[in-house]
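These are the residues of each chain, in order.
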Amino acid sequence: MTATPPQQAPAGTELDTERMERFAGRVQEFVTGGMLSHLIGIGHRTGLFDALARGPATSSELADRAGLNKRYVREWLGAMATGGVVEYDARTLTFTLPPEHALCLTGTRSTNLAPFATGVAVLGEHLDELTTAFREGGGVPYERFRPRFTELMDGMNRGLFDDQLVDGILPLTGDLPARLAEGVRVADIGCGTGHTTVLLAAAYPDSTFVGYDFAGDAVDRARAEAGEYGLDNVSFEVLDVTRMPVDPPFDAVFAFDTIHDQAEPARVLRRVFEALAPGGYFVMMDTRAATDLVDNLGNPNAPLLYSISTLHCMTVSLAQGGAGLGTVWGEQLARTMLTDAGFVGTEVHEVPDDPLDSVFVSRKPGEPPAQRTAE
């Protein structure tokens, strides 16, 4: 794509045609990347990457290996080869998925980024409604994104939590792992499909866990997974977390990438505070970014975060007449809101293997009941 300058620049303006052509090239890259992301999503969903990771293959061999239509696979491979995703040997007519690329596109570990590519298609389904919201206000309700968004979030996060929740994230919370091992009451708010809750319950059988989410389809999946694990120390409820029970109190509450989506985030944080016992922990994993735009200009992840916010996180809140915090509410505002809710001693840590999120560890003032009893 080669840009040509307009016949006449605005009065008093001298166009830098080289700059314009460079930007036109970037726009083409944006469009190409968007198109390729759809095909990466297809490769993930159809098992093409897993099949190719087993060894080099011609397009026909790969189609047979994956059990797919040969004509579609051939065209898909053309995009993957010219896009630098796979390698092509013109002598043998074979395609290869380099092992370094396979780590990013296959398997169940947190290194598999292919599930993220499916998000481009899922979030793009509501552009007409979102355009209306730009003109008229309001937003796109969360229900419009279900159940595909539920599946998307599960696919994006499952590998990370499998790898890092117990051994990477929990150690950042001070003595909370020790208290979990002794046996405490724990809530996981906005738990989605409940995978985090199940992993915690499996790791700490002497503690009891409850997961809350207002999406019934997600809660059904959470209950099914808990059943598969054979756990009797975890339960799930469909609930608006602004109404989570406060008596008996919880010793710890977790929130994984959910606070910034809330219609009433300040109210949710205050409810969490009220639901905790003195000395209780609130562990919030949320976006790693700054509150002020100028501080995000050098953040390579900021374009992605602002885009996700516009396409989903902000609009689902505004659809409920909510605060519309958005994905990029930022560490500074998060700290302020936690303090306003009553929390103290907030510490912020990077999430292992996750450049997009931070872990906020806050406490409710007071001494834990166990400590008071010991004295």
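None of these values were measured; they are calculated from a predicted model.

Visitor: Honestly, the pattern of salt bridges in this entry has me stumped. Any pointers?
Guide: In a structure, side chains of opposite charge can pair up when their charged atoms sit close to one another. The tally for this structure, following the rule as stated, stands at 17 salt bridges. Notably, a salt bridge pairs Arg71 with Glu75, separated by 2.7 Å at the nearest N-O pair. Of this pair, Arg71 and Glu75 both sit in helix α4 (residues 70–82), four residues apart, which is roughly one turn of the helix. Here Arg71 falls in the partly exposed class, since its relative accessible area comes to 43%.

Visitor: What's the story with the nonpolar core in this structure? I'm lost.
Guide: Proteins that are soluble and globular tend to have nonpolar side chains buried together. With 30 residues, the main nonpolar core has Leu180, Phe209, Phe236, Phe254 and Met285 as its most contacted residues. Elements that contribute at least two residues to this core include exactly α8 (148–169), α9 (176–182), α10 (195–203), α11 (216–229), β5 (234–238), β6 (250–256), β7 (276–287) and β9 (354–363). Those residues in contact with Phe236 that sit more than four places away from it in its chain are Cys191, Gly194, Thr197, Val198, Gly211, Val219, Ala222, Arg223 and Ala226. In terms of nonpolar packing, the next biggest core, distinct from the first, is built from 26 residues, Val210, Phe250, Ile259 and Phe360 among them.

Visitor: Sorry, what's going on with helix α3 (residues 59–66) here?
Guide: One turn of an α-helix holds 3.6 residues; hence residues three or four places apart share an orientation. Taken together, the buried positions of α3 are occupied by Ser59, Leu62 and Ala63. Each buried residue of α3 lies within a common arc of 100 degrees when the element is viewed along its axis, so the set occupies one face. After α3 finishes, the residue Gly67 shows a positive phi value of roughly 70 degrees.

Conventions and cut-offs
- Residues numbered from 1 in each chain as written.
- Predicted model: local features only at pLDDT ≥ 70, side-chain atom pairs only at ≥ 80, totals over all residues.
- Heavy atoms only, no water.
- Salt bridge = Lys/Arg side-chain N within 4 Å of Asp/Glu carboxyl O.
- Helix = DSSP H or I, 4+ residues; strand = E, 2+ residues; numbered from the N terminus.
- Buried < 20%, exposed > 50% of the residue type's maximum accessible area, 1.4 Å probe, protein only.
- Core = buried A, V, L, I, M, F, W, Y, C linked by side-chain atoms within 4.5 Å.
- Contact = heavy atoms within 4.5 Å.
- Arc of directions from axis to C-beta.

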